[in-house]
Amino acid sequence: MGGAWAAPAIALTVASPAFAASTPVSVLTVEFTQPFYTTTPGGQFSSPVVAAKVWDASGPVTNASVTFAIAPIEDTDEPDTEGDDDFDGVDVVAAFGRLGGPPANTVMSSATGQATPEVIHAGEGVGVLRVTATAVVTRDGAVESAMAEAYIRIFAYTTTTVPFSAGYRGTSALGTGSKTNNPVPAAVAMPSSAADVILLGAGLYRAGFALDASGTVWSWGSDYYRTQAVRKTQPIPVPFAKMPNDIVQLEGTYYAMFALTRSGEVWGWGYNLEGQFADGTTIGTFRETPVRIPNLGPVKKLAGGHYNMHALLEDGTLWNWGYGRYGSLADGVTTVHRATTPKRVTGFPAGRIVVDVAGRNDGASAVLDDGTVWSWGRNGEGQIGDGTNRHRYVPTRITALTGAKRVSSNYWNAGVVLDDGTCRLWGYAAYYNLGNGSASNPRVPVDPGLTNVAELSWGLQTGHALLTDGSVYGWGYNGNYETGTGVRGAIKTPLRVPGIGAVKQIAQSQYSTYFLPA
């Protein structure tokens with residue numbers, strides 16, 4: 001894994017988590033032999049060995065003092081607010097020479113400029129650590145130094161395809177079993193009994209889901225709303241019992257999770273506060289066993305909002321149910337209300353059918369078979385994309401968009417992939433959510449400059465694009481490393497996610513992102 005990102009022995013300095021060229025002090029340069037090193041819990045980093053090279057304009061530098069140091073990933077911006085962050089996670093640790101040894105080791109560079117510290121041994125924790133190499137040399141009475149950094153990833157190898165996670169560790173949303181964040185993607189700790197993972201899903205409140213080839217659904221993270229039916233936070237994936245067969249989609253809202261089957265049935269579980277289960281009730285009770293959503297024809301796709309659900313039927317009609325405010329149910333009602341049984345969305349041009357739909361916080365967007373895009377719901381931050389900030393209580397066309405194929409939305413942002421492989425994004429922009437280098441809300445779709453886009457995905461205020469070659473780019477709010485790009489803090493324009501090779505699906509929770517390798 002990650003072979004496509006291995007650095008050459010001597011190349012541009014990899015001195016920041018973004019894996020961009022750094023500026024060395026004076027003419028001295030140091031670089032790790034690769035940006036990622038991987039081992040198993042309790043194992044050692046010996047293949048390849050952790051090492052760095054030192055050189056300057058004249059070539060390799062001999063007898064430079066190089067100090068290697070291992071450090072945990074720093075804490076993140078977002079505290080937990082729901083009170084369910086207690087879990088039996090394990091700290092990710094590693095040391096030089098032996099387990100429990102020192103976190104730093106100083107060696108001298110060889111005649112070829114290579115500096116190789118004592119072998120690094122990993123503890124039993126699973127996750128990501130940062131390792132730095134600081135080279136120092138004194139010449140003609142002047143001290144010169146340079147620094148580089150890489151990541152060491154600890155996870156259990158398996159013969160199955162497993163998802164990777166990046167971002168915030170709170171409520172075990174990463175599924176690694178550790179107490180640390182993942183600034184770059186690292187493997188979810190799928191049990192050895194799991195088959196190849198073939199599908200991902202995410203609950204909007206800090207939970208991940210994976211379907212394996214045997215038909216088993218695995219879940220991890222927060223169970224605050226009983227979306228895992230285990231009544232406690234899960235640090236690593238656990239199997240979910242009593243699920244329907246032949247699942248083709250796992251879709252989350254804030255309070256509940258839903259599964260779509262190959263036959264077009266929809267099943268849901270979690271918290272029923274706002275009529276999420278379309279059974280005529282709004283009683284705040286928990287459904288820990290999936291229940292079938294009634295009165296709903298064969299469904300092609302699900303699109304979860306925060307407190308409601310949209311269902312695109314095989315015949316191209318669109319239906320929804322749950323909590324309605326700001327026009328989020330597209331039924332023209334301007335007051336807060338609830339649809340406790342599925343209702344058809346109307347207001348589209350006669351003769352047109354819906355081909356794609358995406359839900360968000362208090363709203364949704366749809367693509368019709370003529371390539372037009374329609375939005376409804378809350379619009380305080382430009383989520384509709386029509387150039388205004390007026391809430392829309394019925395579907396409203398975004399006249400600036402034509403030739404759309406797919407739509408993606410979540411929280412306060414939306415985006416479409418166009419026929420030519422480019423994409424357009426709109427909504428809240430304060431954290432560079434739109435990837436166009438601006439933090440101003442344009443209220444209309446903007447172009448982040450990507451080409452060959454296959455799919456879009458959104459977290460709380462972070463976007464990702466999956467390209468046709470399997471590469472992934474992230475942008476936006478990134479205070480919890482949720483882009484997986486290795487840097488922390490807002491990313492103004494799309495930055496490639498390293499270390500995972502080709503990806504076939506992305507799913508996002510609040511501050512965490514899940515990647516499924518191709």
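Being a predicted model, the structure only gives us computed values, none of them experimental.

Peer 1: How should the pattern of salt bridges be read in this particular structure?
Peer 2: Two side chains of opposite charge can pair, provided their charged atoms sit close to one another. Within the structure shown, the criterion is met by 16 salt bridges. A salt bridge links Glu144 to Arg139; the shortest N-O distance between them is 2.7 Å. With a relative accessible area of 13%, Glu144 lands in the buried category. Its salt-bridge partner being Asp370, residue Arg352 comes within 3.9 Å of it at the nearest N-O pair. Here Asp370 lies in the loop between β27 (363-368) and β28 (373-377) and Arg352 lies in the loop between β25 (337-344) and β26 (354-360), a separation of 18 residues in the sequence. Given the relative accessible area of 36%, Asp370 is considered partly exposed.

Peer 1: Looking at this structure, how should I read unusual backbone geometry?
Peer 2: The general pattern is negative phi for most residues beyond glycine and trans for most peptide bonds. Located in the positive-phi region is Asp140, a residue other than glycine, with phi close to 55°. Counting through the fold element by element, Asp140 comes out in the loop between β10 (127-139) and β11 (142-154). Judged by relative accessible area, Asp140 falls into the exposed class, the value being 87%. Although it is not a glycine, Asp246 adopts a positive phi angle of roughly 60°. Here Asp246 is to be found in the loop between β17 (234-240) and β18 (247-252).

Peer 1: Where do I start with the sheet that holds strand β21 (residues 286-292) in this structure?
Peer 2: Within a sheet, neighbouring strands are paired by backbone hydrogen bonds and run either parallel or antiparallel to one another. Pairing within the open sheet is antiparallel, and its 4 strands lie in the order β18-β19-β20-β21. A single partner strand is all that each edge strand has here, and the edge strands are β18 and β21. Taken pair by pair, the neighbouring strands of this sheet meet at an average axis angle of 15°, ignoring direction. Pairing between strand β20 (residues 266-271) and β21: 4 bridges, direction antiparallel. Paired with Trp267 across the two strands is Arg292, which belongs to β21.

Peer 1: I keep staring at the environment of Asn441 and nothing clicks. Help me out?
Peer 2: Its location among the elements puts Asn441 in the loop between β32 (423-427) and β33 (453-458). Note on Asn441: relative accessible area 32%, which makes it partly exposed. Considering only alpha carbons, one finds Asn441 and Tyr428, 13 residues apart in sequence, at a separation of 5.9 Å. Those residues within four positions of Asn441 in sequence are excluded, and the remaining contacts are Glu381, Gly427, Tyr428, Ala429 and Ala430. From its side chain, Asn441 meets the backbone nitrogen of Ala429 in a polar contact 2.7 Å long.

Peer 1: Could you clarify how one ought to interpret the pairing of strand β37 (residues 503-508) in this entry?
Peer 2: For a regular strand, side-chain orientation follows a simple rule: the groups alternate between the two sheet faces. Counting buried positions along β37 gives 5 out of 6 residues, so the element sits mostly inside the fold. Sheet topology note: the β37/strand β38 (residues 512-517) ladder contains 5 bridges and is antiparallel. Residue pairing for β38: Val503 is matched across the bridge by Pro517. In textbook terms, the turn of a hairpin is the stretch between consecutive antiparallel strands, and for β37 and β38 this stretch comprises 3 residues.

Peer 1: When you look at the nonpolar core in this model, what are you seeing that I'm missing?
Peer 2: Generally speaking, a soluble globular protein has its nonpolar side chains buried in company with each other. Counting residues in hydrophobic clusters, the biggest one holds 30 residues, and the most contacted among them are Val30, Phe32, Phe45, Val54, Phe68, Ile70 and Ile152. Counting 26 residues, the second largest nonpolar core, distinct from the first, contains Val126, Val503, Ile506 and Leu516.

Peer 1: Can you help me understand the sheet that holds β11 in this one?
Peer 2: Read from one edge to the other, the open sheet built from 5 strands follows the order β2-β11-β10-β5-β7, with strand pairing classed as mixed. The sheet is open, and its two edges are formed by β2 (36-39) and β7 (104-108), each paired on a single side. Shown here is a sheet whose adjacent strand axes are inclined to one another by a mean of 25°, direction ignored. Sheet topology places strand β5 (residues 65-72) next to β7; 5 bridges connect them, and they run antiparallel. Residue pairing in the sheet places Phe68 in a bridge with Asn105 of β7.

Reading guide: rules and limits
- Residues numbered from 1 in each chain as written.
- Predicted model: local features only at pLDDT ≥ 70, side-chain atom pairs only at ≥ 80, totals over all residues.
- Heavy atoms only, no water.
- Salt bridge = Lys/Arg side-chain N within 4 Å of Asp/Glu carboxyl O.
- Buried < 20%, exposed > 50% of the residue type's maximum accessible area, 1.4 Å probe, protein only.
- Helix = DSSP H or I, 4+ residues; strand = E, 2+ residues; numbered from the N terminus.
- Pairing = 2+ DSSP bridges.
- Axes fitted to C-alpha atoms, helices over the stretch in contact; angles between N-to-C directions.
- Contact = heavy atoms within 4.5 Å.
- Polar contact = N/O pair within 3.5 Å; in protein donor to acceptor, adjacent residues only side chain to side chain.
- Core = buried A, V, L, I, M, F, W, Y, C linked by side-chain atoms within 4.5 Å.

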